[in-house]
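As a plain string of letters, each chain reads:
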Amino acid sequence: MDLKSCPECGGTGFLVEESGGIQVAKPCPCRIPDRATRLVERASIPLRYRKTCTFGMYKPDPAFPSQEDALTLARRYAEEYPALPEVANGLLFIGPCGVGKTHLAVSILQEVVVRKGMPALFVDLNDLYREIRASYGHAGNEETEYDILSPLVSADLLLIDEMGCVASPWAQDTLHYLISQRYTEQRPTLCTTNYLDEPVAGETRLEDRIGTRTRSRLMEMCQTVHIDGKDYRRR
Ligand SMILES: Nc1ncnc2c1ncn2[C@@H]1O[C@H](COP(=O)(O)OP(=O)(O)OP(=O)(O)O)[C@@H](O)[C@H]1O
Ligand SMILES: [Mg+2]
Ligand SMILES: [Zn+2]
């Protein structure tokens, strides 16, 4: 509800109550976001994607039929969620820059969160690595690596964006921990990556970016969705 229109608190956002002879101010229920709003906030979807990434706004390029196929598949996934197959209950979007991998994956997340009212979580791997590195060397009450990773491990539905963006042994280990934990619990995971399994000569394979053990688990965890096309950002 709009604060100004709240008849309970008159728009102040607080209710003043008597308690043991003294007046105490309590937050008015109008300030407490509803469940849907909380779920959207908790999903950590960046604002730029929240506004633009919906199925309706994805316009497949007729010159690249894989885009229409990917849209159909992503739509069906969101419709069926959470009734998913036990094996390959996730999706791995593979393709070059700007073809709509993140767009479609976020569209699924938004459907699940907004329409179905179920929790889900977005994480950009670049940001995650940065956050973990920043947590090192801070003694005291700073978040530890474990604190940062555990919500991602336990999320009902997780979108890992930009898989393979960093290929250092440390980055691979961190990703492997996350993937293997979710693998063990058969938790559905959506992923996007620019790296192909069999790229043209001179480019790095996905397996070499994320590590053999992680790629192997993803084979079982995710159905692969190849999208090709031109970079939509340059159109
Ligand atoms: N077919 C499309 N119809 C409408 N918008 C699109 C389409 N494809 C991409 N976009 C838009 O173009 C931008 C880039 O798309 P997106 O972020 O999904 O690319 P990506 O495949 O994840 O690329 P990258 O590998 O660089 O992360 C986004 O703003 C997205 O909403
Ligand atoms: Mg992307
Ligand atoms: Zn109020």
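Further up the page is the structure itself.
The notes below deal with the structure included here. (Residues numbered from 1 in each chain as written. Chains lettered and ligands numbered in written order. Predicted model: local features only at pLDDT ≥ 70, side-chain atom pairs only at ≥ 80, totals over all residues.)

Re the sheet that holds strand β6 (residues 189–193)
No. 1: Across the sheet, five strands lie side by side as β4-β5-β6-β3-β7; this open sheet has parallel pairing. The sheet is open, and its two borders are formed by β4 (121–124) and β7 (222–226), each paired with just one other strand. Sheet twist, expressed as the mean angle between neighbouring strand axes with direction ignored, is 15°. (Pairing = 2+ DSSP bridges. Helix = DSSP H or I, 4+ residues; strand = E, 2+ residues; numbered from the N terminus. Axes fitted to C-alpha atoms, helices over the stretch in contact; angles between N-to-C directions.)

A short note on the site of ligand 1
No. 1: Within the structure, ligand 1 sits among 19 residues, and Gly100, Lys101, Thr102, His103 and Tyr232 are positioned closest to it.
No. 2: Considering every element that reaches the shell around ligand 1, the biggest residue donor is helix α4 (residues 101–115), with three residues. (Near = placed C-beta within 6 Å.)

Considering the nonpolar core
No. 1: Grouped together as the largest cluster of nonpolar side chains are 46 residues, with contacts concentrated most on Phe93, Leu109 and Leu159.
No. 2: It is α4 that contributes the most residues to this core, seven residues altogether.
No. 3: Residues within four places of leucine 159 in sequence aside, it is in contact with Ala105, Val106, Leu109, Phe122, Val123 and Leu190. (Core = buried A, V, L, I, M, F, W, Y, C linked by C-beta atoms within 7 Å. Buried ≥ 20, exposed ≤ 12 C-beta atoms within 10 Å, placed from the backbone. Contact = placed C-beta atoms within 7 Å.)

Observations concerning unusual backbone geometry
No. 1: With omega at 5°, the peptide bond leading from tyrosine 81 into proline 82 counts as cis.
No. 2: Note on placement: proline 82 falls in the loop between α3 (65–80) and β3 (90–94).
No. 3: With a phi close to 50°, alanine 88 is a non-glycine residue in the positive phi region.
No. 4: When you line up the elements, alanine 88 lands in the loop between α3 and β3.

Everything listed here is a matter of coordinates, which is why it stays silent on function.
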